[in-house]
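Remarks on the overall topology
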Amino acid sequence: MSIRINDLAPDFTAETTQGPIRFHEWIGDDWAVLFSHPKDFTPVCTTELGAVAGLEKEFAQRGAKVIGLSVDPVSNHDAWAGDIQDVGGYPVNYPLIGDPELKIAKLYDMLPADAGDSCDGRTPAMNAPVRTVFVIGPDKRIKLTLSYPMTTGRNFDEVIRVIDSIQLTAKHRVATPANWRQGEDVIITGAVSNEEADKIFPGYKTVKPYLRTVAQPR
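An account of the accompanying structure is given in this report. Computed from a prediction, not measured in an experiment: that's the story for all the values here.

This paragraph deals with the packing of aromatic side chains. One pass over the full model with this rule turns up seven aromatic pairs. With a centroid separation of 4.7 Å and 15 degrees between ring planes, the pair formed by Phe-12 and Phe-23 is classed as stacked. Separated by eleven residues along the polypeptide, Phe-12 in the segment before β1 (13-16) and Phe-23 in helix α1 (residues 23-27) bring together distant segments of the chain. The buried category is assigned to Phe-12, whose relative accessible area is 6%. Put simply, the rings of Phe-12, Phe-23, Trp-26, Tyr-108 and Phe-134 touch in pairs and so form one group of aromatic residues.

Now for the pairing of strand β4 (residues 64-70). If a strand is regular, its side chains alternate between the two faces of the sheet. Among the seven residues in β4, six count as buried, and that is most of the element. Of the strand pairs in this sheet, strand β3 (residues 31-37) and β4 are connected by seven bridges, and their pairing is parallel. Bridge pairing links Val-33 to Val-66 in β4. Crossover β3 to β4 through helix α2 (residues 43-61) is right-handed. The pairing of β4 with strand β5 (residues 96-98) spans three bridges and is parallel. Looking at β5, one finds that Ser-70 is bridged to Gly-98. After leaving β4, the chain enters helix α3 (residues 74-88) and then returns to the sheet as β5, a path that is right-handed.

Moving on, we come to the pattern of salt bridges. Taken as a whole and judged by the stated rule, the model has eleven salt bridges. A salt bridge links Arg-62 to Glu-58; its shortest N-O distance comes to 3.1 Å. Using a relative accessible area of 18% as the deciding quantity, one classes Arg-62 as buried. Notably, a salt bridge pairs Asp-164 with Arg-62, separated by 2.6 Å at the nearest N-O pair. Note that Asp-164 is positioned in helix α5 (residues 156-171) and Arg-62 in the loop between α2 and β4, a separation of 102 residues in sequence. For the pair shown, Asp-164 and Arg-62 are each scored as buried.

Pairing in this open sheet of four strands is antiparallel, and the strands run β8-β9-β11-β10 from one edge to the other. Where the open sheet ends on each side, the last strands, each with one partner, are β8 (174-175) and β10 (205-208). Examined bridge by bridge, strand β9 (residues 186-188) and strand β11 (residues 211-214) share two bridges and lie antiparallel to one another. Residue pairing across strands places Ile-187 opposite Thr-213, the latter belonging to β11.

Okay, the nonpolar core next. Ranked by size, the top nonpolar core spans 26 residues in total, and within it Phe-23, Leu-34, Ile-97, Tyr-108, Phe-134 and Ile-136 carry the most contacts. Going through the elements one at a time, α1, β3, β4, α4 (103-107) and β6 (132-136) are the ones with two or more residues in this core. In terms of residue count, the dominant contributor to this core is α1 (three residues). Setting aside its immediate chain neighbours within four residues, Leu-34 contacts Phe-23, Ile-67, Leu-69, Ile-97, Tyr-108, Thr-132, Val-133 and Phe-134.

Definitions and cut-offs
Residues numbered from 1 in each chain as written. Predicted model: local features only at pLDDT ≥ 70, side-chain atom pairs only at ≥ 80, totals over all residues. Heavy atoms only, no water. Phe/Tyr/Trp six-rings, centres within 6.5 Å; stacked < 30°, edge-to-face > 60°. Helix = DSSP H or I, 4+ residues; strand = E, 2+ residues; numbered from the N terminus. Buried < 20%, exposed > 50% of the residue type's maximum accessible area, 1.4 Å probe, protein only. Pairing = 2+ DSSP bridges. Right-handed = clockwise from strand over helix to strand, strands pointing away. Salt bridge = Lys/Arg side-chain N within 4 Å of Asp/Glu carboxyl O. Core = buried A, V, L, I, M, F, W, Y, C linked by side-chain atoms within 4.5 Å. Contact = heavy atoms within 4.5 Å.

Everything listed is a geometric property; what it means functionally is a separate question.
In structure tokens, the structure reads:
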């Protein structure tokens, strides 16, 4: 099945490096970042897992948990963690899901239904689509999906930027412009009339009749 923004994130049970979980229960009332990998002991993924380990406090400050997934078994993940710390400089304190039967990869539409039911004998290239980031809200709905090619390391600062935007725009009647960063001006949504904007966002700037900007609400 196809996974789209605002869809309910498929729930599942799985073994992880921190024990068994039921995904929705594990998320609880937090945000979640699920990021997947085609195989353990692959070079780009090793750097990505290390980068996330270094940013884990940044995610936590936003009420977001991080969890990785690879289509190898948990025993391989445990062995891989040492390499990740050696390369990235940070221990992997977040859980890594084992998906050796490819069930979660299929559930999240990263592999086709006919991909088989075992990771054995599969090369990273065969699992190339399993390089997706899902941001999931406390309502258990998909807020963001990003898919990357195998040769391009993911930009997790961008994931943090998007979480900042989603959390801000959920509280205020604003949107964020291209390349927006925390603390920069935002856009007043079209659902807010000029009369309302005068009251809610005094001093806003009209760039175009359909584009009004204002300082980021606090």
